[in-house]
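Residue-level listing of the chains:
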Amino acid sequence: MDNKKKRKIGFFITVIYLFVCLSPYFIDGLNQITPKVFGIPFTVWSILVVAAGYCYFLYYMSKNVWYHYDDDDNENTEAVKK
Amino acid sequence: MSYTAWAIIAILVYTAFNLYVGLGKAYSKDTVSTTRGYFLGDGTGYFILFFTTAATWFSTWIYMGAPGSFYKNGIGWIAGLTWQLIIMYLMGTFGPRFWRLSKSNHYITPGDLLADYYQSNAVRHVISGSQLIFCVPYLMAQVTGVGLAVSTLTSGIIPFWAGVLYAAIVVGLYVFFGGFKSQAWVDTMQGIMFVLILWISITIMMTQTDIPGVAGFFSQLEKVNAKLLSYAHAPDYWTWKMYLSFFFIQAIGGYFAPYVWQRNYAGRNGKTVRKISGTLGPFYAFAVMLPVMLVGFGGAMLFPEIANADNILVATMAKYAPIMGIFIVLGIMAAGMSTISSIVVSASSLVTIDFFGHKAGVSDKHLRNTGRITILVLMVIAIVLSLLKVQGIVLLVNTALAGFCQTVFAVLGVFIWERATKEGVIVGFLTGIITTLVFTALKINLMGFAPGFWGLIFNGTLFVGVSLMTKPVSKEHIEKFMKPLTSREKA
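What you see is a predicted model, and the numbers here were worked out from it, not measured in a lab. (Residues numbered from 1 in each chain as written. Chains lettered and ligands numbered in written order. Predicted model: local features only at pLDDT ≥ 70, side-chain atom pairs only at ≥ 80, totals over all residues. Heavy atoms only, no water.)

Check the secondary structure of chain A and you find three helices and zero strands. Counting from the amino terminus, helix and strand elements in chain A follow one another as α-α-α. By the burial criterion, 46% of the 82 residues in chain A qualify as buried. Look at the contacts in chain A between residues 6 or more apart in sequence, and 47% of them connect residues 24 or more apart. When the accessible surface of chain A is split by element, carbon and sulfur atoms take 66% of a total near 4,500 Å². (Helix = DSSP H or I, 4+ residues; strand = E, 2+ residues; numbered from the N terminus. Buried < 20%, exposed > 50% of the residue type's maximum accessible area, 1.4 Å probe, protein only. Contact = heavy atoms within 4.5 Å. Areas by Shrake-Rupley, 256 points an atom, 1.4 Å probe, with all protein chains shown as cover.)

Given below as structure tokens:
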């Protein structure tokens with residue numbers, strides 16, 4: 001898959017992230033205290049898991065998709081080839 | 001020794017350390033000898049860039065406003081954590097490009113890049129002028145916050161006016177001489193400090209519950225006010241529409257604020273900026289906003305009926321760990337001063353470069369000196385505004401990020417939509433700013449969405465509409481402008 005396509009997918013993941021963040025307002029099942037994990041209510045731990053997942057996505061994008069545009073462009077060339 | 005004496009000693013030690021780092025360790029005569037070096041440093045490495053970006057972005061708000069918002073609005077205000085990550089998405093998407101273009105074309109301000117692309121000094125003046133209008137009141141708000149913190153910490157022995165002078169003079173000293181580099185180093189020290197203090201505070205709060213630990217904390221919160229754990233806690237104000245509005249305003253405004261934008265220019269290389277975008281998100285979300293949320297919830301548990309929720313952290317420490325109160329106020333000072341220093345350097349660069357710098361025949365040394373004088377002038381303005389408590393200026397403080405986010409369409413025109421024109425940018429941008437200010441002043445949340453959100457909608461509509469009716473930037477110019485990027489992408 002080329003990098004342009006990956007960046008497009010990255011954009012859609014960001015849009016999905018926004019909808020997931022807002023979903024407890026619309027889906028009652030996501031706006032409840034149970035099930036708890038280590039005593040932490042569902043509304044709290046679920047959004048932290050979503051945020052952690054998005055953090056991983058950002059890390060992945062920075063490692064594999066976004067260009068750096070440095071003069072030493074070996075890495076860019078490889079990213080384009082991928 | 002009394003509490004106040006300890007507090008004054010703590011302020012003196014903190015001040016000495018700031019000046020030691022800013023004027024000693026970080027100061028470089030060679031770096032500040034050029035305009036670019038003065039405003040952007042000499043190629044900031046990962047560690048310093050990481051913390052200066054974080055310390056710049058997080059102001060006194062994380063100690064005062066943000067915990068109070070969780071206290072009042074409940075878990076729905078987790079938006080304050082989730083939108084932080086979008087700032088990093090924007091940085092990954094645009095940051096390395098900003099860095100490359102700045103490096104190749106010697107840009108110092110956001111206006112440099114936009115004016116070059118749109119071939120229009122009108123674009124430069126409109127956008128830079130508006131950014132300045134929002135920067136100065138925000139600067140005043142932070143100076144006021146630090147002044148209040150100093151006065152509170154010393155039980156009024158150091159009055160508010162002296163606290164204001166203290167903030168302006170201390171920051172002014174290391175920024176005047178050392179410019180961006182000194183400021184970034186001090187930011188780093190302050191950033192580490194205010195995050196550590198935040199975590200120590202929440203640890204103390206958690207030990208005050210009946211059953212210590214995370215489970216006990218939430219179990220007690222559930223007994224005291226279970227509604228805080230529900231997304232429908234504040235249906236009159238904090239609805240999904242407000243969540244969505246703030247998600248856009250804060251994230252986009254947070255990235256396109258000039259003092260954050262310029263940190264992309266300041267990176268040592270593109271890899272550094274890109275690495276920041278991949279790693280700063282967890283820090284924003286989990287090292288800063290997570291304890292802020294816990295402080296808000298902890299406050300709701302320990303003080304269910306407090307009159308001013310914004311003071312929840314100070315009130316908690318005053319009751320349960322008075323000596324920690326000294327560190328909380330130092331944390332507020334660190335968070336405030338790190339933002340003051342960044343804004344003043346950035347605002348000075350906007351005045352110097354965008355309003356004097358592009359004129360022919362101005363020497364580099366003259367520009368650097370103009371930058372220094374502007375810093376002094378801005379500090380005097382901040383002091384005067386803080387002491388006079390000018391009515392109406394709160395409107396500009398409250399709408400600062402909504403104002404900064406209006407720049408987004410101008411940037412999309414550069415990188416995404418080639419049909420964009422300078423006329424579209426100017427008309428859309430001004431409409432967005434005016435809409436935001438008028439709706440905020442009249443307290444209009446049309447259809448439940450925040451004023452800044454409507455500013456974006458009107459801005460975007462006119463940006464597209466006017467652009468389609470006017471002459472776009474020529475293909476040849478776009479090709480030339482993008483060459484530093486395209487030549488490397490295709491290498």
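So, about the confidence of the model for chain A. All names here are of chain A. In this model, chain A carries an average pLDDT of 86, and 87% of its residues clear a pLDDT of 70 or more. Element-level mean pLDDT values for chain A span from 47 in helix α3 (residues 74-81) up to 95 in helix α2 (residues 42-64). The low-confidence segment residues 75-82 (pLDDT under 50) makes 18 contacts with residues lying over four places distant or belonging to another chain. (pLDDT = per-residue confidence, 0-100.)

Before going further, it helps to spend a moment on the environment of Asn-311 of chain B. Residue and element names in this part refer to chain B. Tracing the backbone shows Asn-311 in the loop between α12 (270-302) and α13 (312-320). The exposure class of Asn-311 is partly exposed, given its relative accessible area of 31%. The spacing of Asn-311 and Asn-18 is 293 residues in sequence and 26 Å in space, taken between C-alpha atoms.

Counting residues at the interface gives 47 residues for chain B, matched by 42 residues for chain A. For the pairing of chain B and chain A, the buried interface totals around 4,000 Å² over both sides, and the portion due to carbon and sulfur atoms is 66%. The interface formed by chain B and chain A holds three salt bridges in total. Salt-bridge contacts for Lys-271 of chain B lead to Asp-70 of chain A; the nearest nitrogen and oxygen are separated by 3.9 Å. Taken together, the links from chain B to chain A amount to 11 residue pairs in polar contact (both at pLDDT 80 or more). Elements with a minimum of two residues in the side of chain B that touches chain A: α5 (79-105), α9 (214-225), α10 (240-256), α12 and α21 (475-489) of chain B. For the side of chain B that touches chain A, the element with the most residues is α5 of chain B, which contributes 12 residues. For the side of chain B that touches chain A, a count of residues per class yields 28 nonpolar, 12 polar and seven charged. (Buried area = accessible area lost by both parts, 1.4 Å probe. Salt bridge = Lys/Arg side-chain N within 4 Å of Asp/Glu carboxyl O. Polar contact = N/O pair within 3.5 Å; in protein donor to acceptor, adjacent residues only side chain to side chain. Nonpolar A, V, L, I, M, F, W, Y, C, P; charged D, E, K, R; others polar.)

Moving on to the packing of helix α19 (residues 422-441) of chain B against helix α20 (residues 451-469) of chain B. All names here are of chain B. Contact geometry of α19 with α20 gives a least axis separation of 7 Å together with a crossing angle of 160 degrees. One element, α19, and the other, α20, form an angle in the roughly antiparallel class. Crossing hand, α19 versus α20: right-handed. In this structure, α19 uses Glu-423, Gly-424, Val-425, Val-427, Gly-428, Phe-429, Thr-431, Gly-432, Thr-435, Thr-436, Phe-439 and Thr-440 to contact α20, whose residues at the interface are Pro-451, Gly-452, Trp-454, Gly-455, Phe-458, Asn-459, Leu-462, Phe-463, Val-466 and Ser-467. Of the residues belonging to the contact of α19 with α20, the class tally is 10 nonpolar, 11 polar and one charged. (Axes fitted to C-alpha atoms, helices over the stretch in contact; angles between N-to-C directions. Parallel < 35°, antiparallel > 145°, perpendicular 65-115°, else oblique. Left-handed = near helix turned anticlockwise from the far one by under 90°.)

Our focus in this paragraph is unusual backbone geometry. Here the amide bond leading from Thr-34 of chain A into Pro-35 of chain A is cis, since omega sits at 0 degrees, within 30 degrees of zero. Mapped onto the fold, Pro-35 of chain A is located in the loop between α1 (3-22) and α2. Even without being glycine, Lys-443 of chain B reaches a positive phi, approximately 55 degrees. Within the element layout of this structure, Lys-443 of chain B appears in the loop between α19 and α20. For Met-447 of chain B, which is not glycine, the phi torsion reads 55 degrees and is therefore positive. For Met-447 of chain B, the position within the fold is in the loop between α19 and α20.

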